[in-house]
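# Observations on chain architecture
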Amino acid sequence: MSVATAERGSALSASASVPVCAHCALPVPPGLLEPESERQFCCEACRTVYGVIHGCGLERYYALRESLADGAGGPARSTGAGYEEFDDEAFALAFVREHEGGLLSAELFLEGVHCAACVWLVERLPRLVPGVAEARLDLGRSLVRVSWDPARVRLSEIARALDRLGYAPHPARDARAREAARREDRRFLVRIAVAGAIAGNCMLLALALYSGMVSGIEAEFRQFFRWISLGLGLLSLAWPGRVFFRGAIASLVARAPRLDLPIAIGLAAAGVVGTVNVLRGAGDVYFDALTVLVFLLLSGRWLQHRQQRSAADAVELLYSLAPAWARLVGPDGASRRVSAASLRPGDTVEVRAEETIPADGVVESGRTEIDASVLTGESRPVAVVPGDRVHAATVSLSGRVLVRVQATGAETRVGRLMAGVEDAARRRAPIVALTDRIAGWFVLVVTTLAAITFLLWVRHDPARAMESALALLIVTCPCALGLATPLAITAAVGRASRRGILVKGGAVLERLARPGVMLLDKTGTVTQGRLGVVRWEGDASALPLAAAVERDSSHPVARAIVAFAGDARAPSATDVSQALGAGVRGTVDGRLVEVGSVAFIADRPPWLDDAVARATADALSPVVVAVDGRAVALAALGDPIREDARASIESLRADGWRVRLLSGDHPEVVRAVGRSLGLDERDCIGGATPEEKLRVVERELACGAGTVVMVGDGVNDAAALARATVGVAVSGGAEASLSAADAYLRTPGLAPIVELCRGSRRTVGVIRRNLVASFAYNAVAVALCMAGLISSLLAAVLMPLSSLTVVFLSYRSRTFGGRA
Amino acid sequence: MSVIYLVLPLAIVLASLGVWAFIRAARQGQFDDLETPAARMLPDDDPPERAARS
């Protein structure tokens, strides 16, 4: 081992004695060690990336990575794909924009960017690929914006260069929406800046006025300061404060009270009182409190908006990773990559093993097994032969097939399901945030109190009656109330996303806090979503032999057995032959080993029949292993239940949720899974089509079950996800379910769902505490007003004090996973 | 006439200059990405001999 690798080994790997890859610093498998070589690589992809980086004189990347990396993950590896589809016209139309001077630009999501060294490397792209004008990376969003000269370079070459560096590029869709969001962000910032500057200046003037109250001030200056405050205050209302008035008017028009309404009432009252008092030269002016209020409320809203945006961005990044390309077979029989959008009915596409089928069509040649769980929820692969129909979004598992395209895009089964999803999302009642529900009552109570105050004082002292009533409207202006929810939600969403739970909107948390019905999809959610050995009966020593004959097969059964055997050392098999759809046989250490269906094995001892019956009863597929013609073991294959499923479901039930399984898989399989999870048979719904899933959700909603949560991962769940009170997509979910869901769990398993529900409950607890705190301050202010003791100074002290309390409570609270 | 009549409007004009500069920067997108620039300045510039080679 060389000095260089030894150094890297000690720096980056737990043990210095294992040689590590010069690019990714992972241990090098013994079979790939090259004793004479100065550098070792764990795979061909790493060697490629290393070669590219060195060839371009960019070795400094490694030094930078050593000094800057935060240990958030090793460098990504190249996939070696060709990216020809990036040059398509359909692709250019959707993703590429033209600029002055003939330059083109596009935004690409990059996999694997995580530190400053990545920024450095990616932004050296113009040096790597001649013709690239600029590459700017946005680390937070993993988004690179490249601009290039189309006369000198094509986008596919740029994509290949990025891929060779180890950052697989994906087209970033919705560039227009992103641009709009960016502009919205900027407007938000401008408003906050103006509101902040005005608030600061008003406070300075107020300070002079308040000290004038104590130590005396000449009337001339006092009036001058008040005039300037008036100007600034009205500017604050007219420019940044306009959003509240607009919101209030909208809520009046829609007859749905929103928090904007009481805020606007308070602001308007303060504006009117201040203006009148400045004009008549007497009485309190509230411009300091008013401008600070506008500033604080805008800041709170901006924080919430930003936090939710970053969660939504992360989800968007995930679904941009779904491939949208196909291998189009040309007249000469050779295939090239094109974007899926450019496919037409009648085209022939090639689909290799483990690739997603890009369109609906008929298999022309070849045979494979299709994982259609994304569409049907069925976990067992389906064998297809020429003449069979296949659908877009399903995955070819084992073989290479040619498919004649019949329908593309919105015409496919997936496309039609997606149309249903949009429809379901439209029918869903919008979630009304807690504070907005309070807002209606708040307005009512506050105006009543103001009227009472007026009536109490009007006989006593008519001049002060109006003043006290208006002062009450001003000091009860719900500043802390307006901050209570945004701050609590910002803190919770931020913490949740650090724990791999991406929440798209704050109202989701409010909804999840109250237990109701939780509908769990089976395949991929409760189970692992792929074939695995659930039980091994019989001789355990036959397992390495079976794994040996199955090692080189890409059949799902073979892979399940190999995975189950783990790295148990096995002699390699010879003379391996496959009988399609039945089994495989080969010679290991001179013994004949056969693995296959019950019919494939001639020997049938009595214990085997029992084992087969047991497996069938549990809805598992039996696979028999025979050595030298004698059946010795039986592997029961199925979709293994996730380890944490049982415990998680129990905690959910303990929290008051009614947990039900809702799956497209065979009812028997669903019941078997439900049994092993301790669920009642009535709560296991199997054989549900996407439409039925939607109906089940609607039935639950209609019978007043309260919160109906749908948890799923497939396209077949998407409509149900969109219709449910809260839709949760789980790790590895399809693009459609990601866009339909309100929350996304990055880590597999059910434990994050429990955490999401409990975190939501704690978040709502924080919101409630915030509301109580802000109401307490308001109660004090109301009492003072009714007693006629309020002054602008008191208002100026009370308001920020209540807001600070709320800020403190929000950030000190534990919501997700304790303190971050 | 007191100097305050001159100084106070002047202070507000100065403040609005600051706000104007901020608004300009925000509208140009200088606050769109607050993470990458911090990472971008970490590596030193390329050493001269390497820059000459490429």
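The shown structure was predicted, so the numbers you read here are calculated from the model rather than taken from an experiment. (Residues numbered from 1 in each chain as written. Chains lettered and ligands numbered in written order. Predicted model: local features only at pLDDT ≥ 70, side-chain atom pairs only at ≥ 80, totals over all residues.)

## Description of the environment of A372(A)
Following the sequence through the fold, A372(A) ends up in the loop between β10 (368-371) and α13 (373-376). Not counting residues up to four positions away in its chain, the partners in contact with A372(A) are E378(A), V382(A), H391(A) and T394(A). (Helix = DSSP H or I, 4+ residues; strand = E, 2+ residues; numbered from the N terminus. Contact = placed C-beta atoms within 7 Å.)

## Some thoughts on helix α15 (residues 434-458) of chain A
Residue and element names in this part refer to chain A. Taking 1.5 Å of rise per residue, 25 residues should cover 36 Å, and α15 covers 36 Å from first to last C-alpha, within 8% of that figure. In the structure, α15 departs most strongly from a straight axis at G440, where the bend amounts to approximately 30°. Taken residue by residue, α15 has L434, T435, I438, A439, F442, V446, A450 and T453 as its buried positions. As for α15, its buried residues are in contact with α11 (260-280), α16 (462-475), α17 (479-498), α18 (506-512) and α28 (751-786). (Expected span 1.5 Å × (residues − 1). Bend = angle between axes of the 7 residues up to and from the residue. Buried ≥ 20, exposed ≤ 12 C-beta atoms within 10 Å, placed from the backbone.)

## With respect to the sheet that holds strand β19 (residues 583-588) of chain A
Residue and element names in this part refer to chain A. As summarised here, the arrangement of the six strands in space is β17-β22-β21-β20-β19-β18, forming an open sheet in which the pairing is antiparallel. Bordering the open sheet on either side are β17 (532-538) and β18 (574-579), each of which pairs with just one other strand. Across this sheet, the average inter-strand angle for adjacent strands is 20°, counted without regard to direction. Here β18 pairs with β19 via four bridges, running antiparallel. Bridging from a neighbouring strand, Q578 pairs with V584 of β19. Docked against the sheet, helix α21 (residues 556-565) engages β17, β21 (621-627) and β22 (630-638), running at close to 70° with respect to β17. (Pairing = 2+ DSSP bridges. Axes fitted to C-alpha atoms, helices over the stretch in contact; angles between N-to-C directions.)

## Focus: the domain arrangement of chain A
Residues and elements named next belong to chain A. On domain assignment, one finds that chain A holds domain 1 (3-68), domain 2 (84-178), domain 3 (180-312 + 434-488 + 763-812), domain 4 (506-528 + 642-741) and domain 5 (532-638). Between domain 1 and domain 2, the residue contacts involve 10 residues of the former and 11 residues of the latter. Among the secondary structure elements, those contributing two or more residues to the side of domain 1 that touches domain 2 are α2 (44-55) and α3 (60-68). Here the side of domain 1 that touches domain 2 is composed, by residue class, of eight nonpolar, one polar and one charged. (Domains from an automatic or database assignment. Nonpolar A, V, L, I, M, F, W, Y, C, P; charged D, E, K, R; others polar.)

## Notes on the environment of R437(A)
Along the polypeptide, R437(A) turns up in helix α15. Owing to 15 C-beta atoms within 10 Å, R437(A) belongs among the partly exposed residues under this scheme.

## Focus: the sheet that holds β10(A)
Residue and element names in this part refer to chain A. What the three strands build is an open sheet, ordered β11-β10-β13; its pairing is antiparallel. At either end of the open sheet lies a strand with only one pairing partner, and these are β11 (382-384) and β13 (395-396). As defined by bridge partners, β10 adjoins β13 across two bridges and the pair is classed as antiparallel. Bridge pairing in β13 places I370 opposite S396.

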